[in-house]
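Residue strings, one per chain:
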Amino acid sequence: MPGTKKVFVKTFGCQMNVYDSERIAESLIPFGFSGTDNIDEAEVIVLNTCHIREKAADKVYSELGRLRQVKEDRRAKGKHTIVTVAGCVAQAEGAEILARSSVVDLVVGPQSYHRLPDLVFRAQTESRRIVDTNFPEEDKFAALPDRSISKVSVKGAARAASAFLTVQEGCDKFCTFCVVPYTRGMEFSRPVDSLVDEARSLISRGVRELTLLGQNVNAYHGAGPDGKDWSLARLIGAIAELDGLERLRYTTSHPNDMGNDLIAAHRDQEKLMPYLHLPFQAGSDRILAAMNRKHTVDQYRRLIARIRAARPDIALSTDIIVGFPGETESEFEETLRLVEEIGFAQAFSFKYSPRPGTPAAKSDEQLPEEVKTERLHRLQALLASETTRFNAGCVGRVIPVLFERAGRRDGQIVGRSPYLQPVHANGAADLLGRVIPVEISEAGPNSLLGVIRAA
Ligand code: SAH
Ligand code: SF4
Ligand code: F3S
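Within any chain, residue numbers begin from 1 and follow the written order of that chain's sequence. For this description, chains carry letters from A and ligands carry numbers from 1, given in the order in which they are written. Given that the model is predicted, a residue must reach a pLDDT of at least 70 before its local features are reported, and side-chain atom pairs must reach 80 or more before they are shown or counted; all residues, however, enter totals for whole chains, interfaces and linings. Side-chain figures throughout are based on the complete set of non-hydrogen atoms in the structure, without hydrogens or water.

Regarding the overall build of the protein
Rules: Here a helix means four or more residues in a row that DSSP labels H or I, a strand means two or more in a row labelled E, and each is numbered from the N terminus. Note on method: radius of gyration uses C-alpha positions; expected globular size equals 2.2 Å times residues raised to 0.38. For every residue, the accessible area obtained with a 1.4 Å probe (protein chains only) is divided by the maximum for its type, and the residue is called buried under 20%, exposed over 50%, and partly exposed between those limits. Note on areas: Shrake-Rupley with a 1.4 Å probe; residue coverage comes only from the protein chains shown. We score Asp and Glu as negative and Lys and Arg as positive, and we do not count His or the chain ends. By convention, the charge on Lys lies at NZ, on Arg at CZ, on Asp at CG and on Glu at CD.
Across its full length, the protein holds 14 helices and 21 strands. The globule rule puts the C-alpha radius of gyration for 455 residues at 23 Å, and the 22 Å found for the protein is close to it. Expressed along its principal axes, the backbone C-alpha trace of the protein runs to roughly 60 × 60 × 50 Å. For the protein, the proportion of its 455 residues judged to be buried stands at 55%. Carbon and sulfur atoms form 51% of the exposed surface of the protein, whose accessible area is close to 19300 Å². With 59 positive and 60 negative side-chain charges, the protein shows a spacing of 3 Å between the two charge centroids.

Quick look at the structure:
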């Protein structure tokens, strides 16, 4: 029975936040709530926020500005609303958020959102504003309801045939530009059994593809049923055995944690998709050292060669930062050269953004905004040409597509290739949730068009 009260969750930031948003909404279901995409009918509004770059954090405050009116309008109708800030801005700024925005009732960090039902209850009954940004001893995941509880409607939630599953959280690597170790805490791996159970629940909900998530997912070392620590490759092996699951992916990986067994899994595990997101951040050894990445350009290059030897058609993706403090023009050109040399199917690139509390933010070699912008444009032009080339290489091939949703055009459905490209084709809605061979007829910069070959 769907509840009568409504929760609206808006997600900013990474896939882990998308996962958390689903679980935040689900946490309220036993208390009579159901999810909604209509903010005006929500008793509880949650902004699940991101602190990674200044722009990401700023978005939260402009959103809170808009919420003021929503809350006012509801109040005029005699309805009470609890506005919650969750996620990494909540963790980083805590009570400061209450001071900056009077519309906020609750601030809850990424490690304590399983307490949300209780916090909402207290905020309502005690009519006071509450901040909970602790890193509690109790296991958040064990305290949350089972995933089979309901298929909630959460804005920005994963597609129904494909879902995220957080297996590892936090980070101890302390790259000098990054806030994640401060907002998500120390590295922590969930036990294998609870992940296999959660995967089963998701499959019973119709999920056919799982993306295993972690800030450093390949550093996964959770307790296995045998009491020993299992690697990500072993976890993938266990989840791949589940009937009904067709595809597995994982993200985000650190180059230094790319173990031999994980590379071998790309050769041996049929369900593991030929796609790997492996951030390298910068193409200069001096900048990599200043970032505390603890690997060199050549080590990255040799790692990629080993991965390609295991799985020659693998689509590579990466993250790159331009304009790190002190980066010279020629060091930036080394980044361009590495991009050209490796050839990426996809990439995310960012202007360096100084973050409070991180070592790089204190450097006195900050670069002017114009320099960062100009470098980003040059890099993005190169990356776009590589993605276009990769996509064009698929034309004429028949590739399996997991169809996930109806397209914008009538009669069209959209899915993903093994390489994560969106693929559009004409087909019936009953193909959703199935993997179907598609002959690719056209390639654009961001997606493919094809014809279904057999159903
Ligand atoms: N754990 C992942 C990255 C998580 S953050 C890894 O180690 O690769 C996602 C991406 O945001 C990073 O890869 C980086 O490219 C970017 N990023 C992080 N902090 C940033 C900052 N201060 N300025 C600009 N980009 C940043
Ligand atoms: Fe941030 Fe570095 Fe950890 Fe990635 S490895 S989350 S970039 S500190
Ligand atoms: Fe952002 Fe936190 Fe993810 S800072 S990128 S939401 S881990």
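The structure having been displayed, the exposition proceeds.
Brief notes about the sheet that holds strand β13 (residues 247-251)
By definition, the strands of a sheet pair up through backbone hydrogen bonds, in either a parallel or an antiparallel sense. The following threshold applies: For two strands to be treated as a pair, DSSP must find at least two bridges joining them. Lines fitted to C-alpha atoms define the axes here, with helix axes fitted over just the stretch in contact, and angles between the N-to-C directions of these axes take values from 0 to 180 degrees. Residue contacts are defined here by distance: any two heavy atoms, one from each residue, within 4.5 Å place the two residues in contact.
Pairing within the open sheet is parallel, and its 3 strands lie in the order β7-β10-β13. Looking along the sheet, the strands with just one partner apiece sit at the ends: β7 (162-166) and β13. Between one strand axis and the next, the sheet turns through 25 degrees on average, direction left out of account. Summarising the sheet, strand β10 (residues 209-213) and β13 pair through 5 bridges and their orientation is parallel. Bridge pairing in β13 links L212 to Y250. In the packing of helix α1 (residues 15-28) onto the sheet, the strands contacted are β7, β10 and β13, and the crossing angle to β7 comes to about 95 degrees. Contacting β7 and β10, helix α8 (residues 192-204) runs over the sheet at an angle of about 160 degrees to β7.

A look at the site of ligand 3
Rule in force here: Near is defined per residue: the residue qualifies when any heavy atom it owns lies within 4 Å of the molecule or strand. Following the grouping adopted for this structure description, the nonpolar residues are Ala, Val, Leu, Ile, Met, Phe, Trp, Tyr, Cys and Pro, the charged ones are Asp, Glu, Lys and Arg, and the polar ones are all others, Gly among them.
Close to ligand 3 lie C14, N17, T49, C50, H51, I52, C88, R184 and Q215, which account for all nearby residues. Considering only residue class, the shell around ligand 3 consists of 4 nonpolar, 4 polar and 1 charged.

Here's the deal with helix α13 (residues 329-342)
Keep this limit in mind: By this rule, a helix spans an expected 1.5 Å times one less than how many residues it contains. Read the arc as the range of directions from the helix axis to the C-beta atoms.
Across its 14 residues, α13 extends 20 Å between first and last C-alpha, which sits within 8% of the 20 Å expected from 1.5 Å per residue. Along α13, the residues classified as buried are E331, F332, T335, L336, L338, V339 and I342. What you see down the axis of α13 is that its buried residues fit within an arc of 160 degrees, all on one side. Each element contacted by the buried residues of α13 is listed here: α11 (285-290), α12 (297-310), β15 (315-322) and α14 (369-392).

Details of the domain arrangement of the protein
Rules: Domain segmentation is taken from an automatic or database assignment of domains.
Here the protein is partitioned into domain 1 (5-141), domain 2 (158-273), domain 3 (305-392) and domain 4 (398-452). One C-alpha centre belongs to domain 1, the other to domain 4; they are set 35 Å apart.

Describing the pattern of salt bridges
Note the cut-off: Only one rule defines a salt bridge in this text: a Lys or Arg side-chain nitrogen within 4 Å of an Asp or Glu carboxyl oxygen.
This structure, assessed with the given rule, holds 37 salt bridges. A salt bridge links R286 to E331, with the shortest nitrogen-to-oxygen separation between them at 2.6 Å. In this pair, R286 sits in helix α11 while E331 sits in helix α13, placing the two residues 45 residues apart along the sequence. On the basis of relative accessibility, which here comes to 9%, the residue E331 falls in the buried class. Through salt bridges with shared partners, a single network forms among E22, R23, E26, R147, R190, E198 and R205.

Structural notes on unusual backbone geometry
Residue T252 is reached from T251 by a cis peptide bond, and omega for that bond is 0 degrees. Along the chain, T252 falls in the loop between β13 and α10 (260-268). Of note in this structure, S127 is not a glycine but carries a positive phi near 40 degrees. Tracing the backbone shows S127 in the loop between α5 (116-125) and β6 (130-132). For S127, a relative accessible area of 60% puts it in the exposed group. The phi torsion at Q281 lies on the positive side, around 70 degrees, for a residue other than glycine. For Q281, the location among the structural elements is in the loop between β14 (275-277) and α11.

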